[in-house]
Amino acid sequence: MIDPADAAEALINARIGYTILDDFPGGKFPANAAEAHAVLDAIITQFQLPVGGWKAAFTNAAGQKAMGVDGPACGPLFAPYIVPSPANLNLPADSWRGVEAEFGFRMSGNLPAREAPYTLEEVVAAAGTLHPAIEVVDSRVATGSKHGGVAVIADHCGNAAFVHGAAVPDWRGLDLAVAKVDVKINGAIVASGSGAAVMDNPLNSLTWIANHLSSRGKSLKSGDWVTTGSTMGIVKAPPGSTVVADFGALGAVTVVFAI
C-alpha cells in the first residue's frame, strides 16, 4: 500500500528540484482514486505553499476513456506557479512540456462547502473575470502517464504551471461552448479546439469544480483562480519553443520554454 506522506514528499522534491523520477515513490502507483487523492491531499498539506486556485482534468469523454477514469478530476494550483502571460518557464529537459489551452476564471465571491450542490447560476454569479489561459502539464514520474488517471491525480494532478491572459470584459453574454481556440508553436497552428470540449461548456466544468470541492469540505474563495480543462487535449511543445494559445477576440496567452 502507498504511504501518502512519503510519496508526497518525493513528488514535491522532484517538482522543486526539476527532476523526473524513474518510478513512483515506493515503487507502486496508486491502485485507485482513493489512494491517488490521499497522495494529492498530502501534497497540499506538505508543500507549504498557498493554494491559489484549482484545476480540472479529464473534462471530456475521450480523455476519460484514454486515462481509465470515469469522470473529471480536480487538483490544486499552487500560488507561485500561477503567472501572467507572457511567461518564460523552465522544465526538466525530459519533461512532458504539455500545453492545454483552457478557459480560466478568477473568483470574486465565496462558495463555501455546504450540503446542497451549487447551481450553475450560483457559481457564475461568484465568478469575477474570465481569462484565456494555458495550463502547462507535466509528470514528475517518467512512466506516470502510462499508469492512467490515478497516477496523474496523485502527481499534483498533472500541473506544472498556470499562465493567464488579460481579463475578458463582459464575458457573461458570450457562448463559451462555441468559442474557438488555436494553439501555435513557433507561429504554426498545431491544434484547434473549442469550449464545447470542456464538459460541453467551461461553465459546466467551473460548476463541477465548485461542487467537487464542496463535497470534500473545501471552498472556492474570492481571489481563487480556476482553470476548467483543455479545449483540445494535450499538445507537446519542444524545448526552446514559443507557444501561443489564440482565443481570437478573447485574447491570447504566450509561454516560452527556455529548455
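Since the model is a prediction, treat every value here as computed from it, not as a measurement.

**Observations regarding the side chain of S205**
Move 1: Within the fold, S205 resides in helix 6 (residues 202-215).
Move 2: Judged by relative accessible area, which is 0%, S205 ranks as buried.
Move 3: Engagement of the side chain of S205 in a polar contact is seen with the backbone oxygen of T228, the distance being 2.6 Å.
Move 4: Once residues within four sequence positions are removed from consideration, S205 is found in contact with A56, T59, V198, M199 and T228.

**What about the nonpolar core?**
Move 1: Membership of the largest hydrophobic core comes to 77 residues, with the highest contact counts inside it found for F24, F103, F105, I134 and F257.
Move 2: When residues in this core are grouped by element, the largest group, six residues, is from helix 2 (residues 33-46).
Move 3: Those residues in contact with F257, other than ones at most four positions away along the chain, are L89, L91, R97, V99, V136, A237, P239, G240, S241 and V243.
Move 4: Counting five residues, the second-largest nonpolar core is a separate cluster that includes L77, A133, F162 and W225.

**Thoughts on the pattern of salt bridges**
Between side chains of opposite charge, a pair can form when the charged atoms approach closely.
Move 1: Considering all chains together, one arrives at six salt bridges under this definition.
Move 2: The closest approach of N and O atoms between D155 and R140, which form a salt bridge, is 2.9 Å. Here D155 is found in the loop between helix 5 (148-154) and strand 7 (159-164), whereas its partner R140 is found in the loop between strand 6 (127-137) and helix 5, with 15 residues between them in sequence. Take D155 and R140: they sit in the same class, and that class is buried.

**Details of empty space enclosed by the protein**
Move 1: As enumerated under the stated definition, the model contains two cavities of 30 Å³ or more in all.
Move 2: Of the voids in this model, the largest cavity is the one considered here, and its volume is about 60 Å³.
Move 3: Taken together, H37, L40, D41, I44, W54, C74, G75, H212, L213, R216 and K218 make up the lining of the largest cavity.
Move 4: Breaking the lining of the largest cavity down by element, the ones donating at least two residues are helix 2, strand 2 (73-78) and helix 6.

**Thoughts on the packing of aromatic side chains**
The relative placement of two aromatic rings is captured by the distance of their centres and the angle of their planes.
Move 1: Tallied over the entire structure, the rule returns six aromatic pairs.
Move 2: The interplanar angle of 85° and the centroid separation of 5.3 Å between the aromatic rings of F103 and F247 together place this pair among those described as edge-to-face. Separated by 144 residues along the polypeptide, F103 in strand 5 (residues 98-107) and F247 in the loop between strand 12 (242-246) and strand 13 (252-257) bring together distant segments of the chain.
Move 3: In this structure F103 comes out as buried when scored by relative accessible area, which is 1%.

**Some details on the sheet that holds strand 12**
Move 1: Overall, mixed pairing links the five strands, which are arranged 4-13-12-8-9 in an open sheet. Here the strands that pair on one side only, and so sit at the sheet edges, are strand 4 (87-89) and strand 9 (188-194). Each strand of the sheet is rotated relative to its neighbour by a mean of 20°, with strand direction disregarded.
Move 2: Bridge count between strand 8 (residues 180-185) and strand 12: four bridges; the pairing is antiparallel. In the strand pairing of strand 12, D182 is matched with D246.

**What to know about the pairing of strand 10 (residues 225-230)**
Move 1: With six of its six residues buried, strand 10 lies for the most part within the structure.
Move 2: Inspection of the sheet shows strand 1 (residues 51-57) paired to strand 10 by three bridges, in the parallel sense. In the sheet register, G53 faces strand 10, and the bridge partner there is W225.
Move 3: Judged from the four bridges that link them, strand 5 and strand 10 form a sheet pairing that is antiparallel.

**A closer look at the packing of helix 1 (residues 4-17) against helix 2**
Move 1: The N-to-C vectors of helix 1 and helix 2 enclose an angle of 60°; their axes lie 8 Å apart at closest approach. When the axis of helix 1 is compared with that of helix 2, the two are oblique. Judged by the sense of rotation from one axis to the other, the crossing of helix 1 with helix 2 is right-handed. In this structure, helix 1 uses P4, A5, A7, A8, E9, L11 and I12 to contact helix 2, whose residues at the interface are A38, V39, A42, I43 and Q46.

Conventions and cut-offs
- Residues numbered from 1 in each chain as written.
- Predicted model: local features only at pLDDT ≥ 70, side-chain atom pairs only at ≥ 80, totals over all residues.
- Heavy atoms only, no water.
- Helix = DSSP H or I, 4+ residues; strand = E, 2+ residues; numbered from the N terminus.
- Buried < 20%, exposed > 50% of the residue type's maximum accessible area, 1.4 Å probe, protein only.
- Polar contact = N/O pair within 3.5 Å; in protein donor to acceptor, adjacent residues only side chain to side chain.
- Contact = heavy atoms within 4.5 Å.
- Core = buried A, V, L, I, M, F, W, Y, C linked by side-chain atoms within 4.5 Å.
- Salt bridge = Lys/Arg side-chain N within 4 Å of Asp/Glu carboxyl O.
- 1 Å grid on protein atoms, 1.4 Å probe; cavity = no way out; pocket = protein on both sides within 12 Å on 5 of 7 lines; lining within 4 Å.
- Points joined across faces, edges and corners; volume = space filled by probe spheres on them.
- Phe/Tyr/Trp six-rings, centres within 6.5 Å; stacked < 30°, edge-to-face > 60°.
- Pairing = 2+ DSSP bridges.
- Axes fitted to C-alpha atoms, helices over the stretch in contact; angles between N-to-C directions.
- Parallel < 35°, antiparallel > 145°, perpendicular 65-115°, else oblique.
- Left-handed = near helix turned anticlockwise from the far one by under 90°.

In short, shape yes, function no, at least from these values alone.
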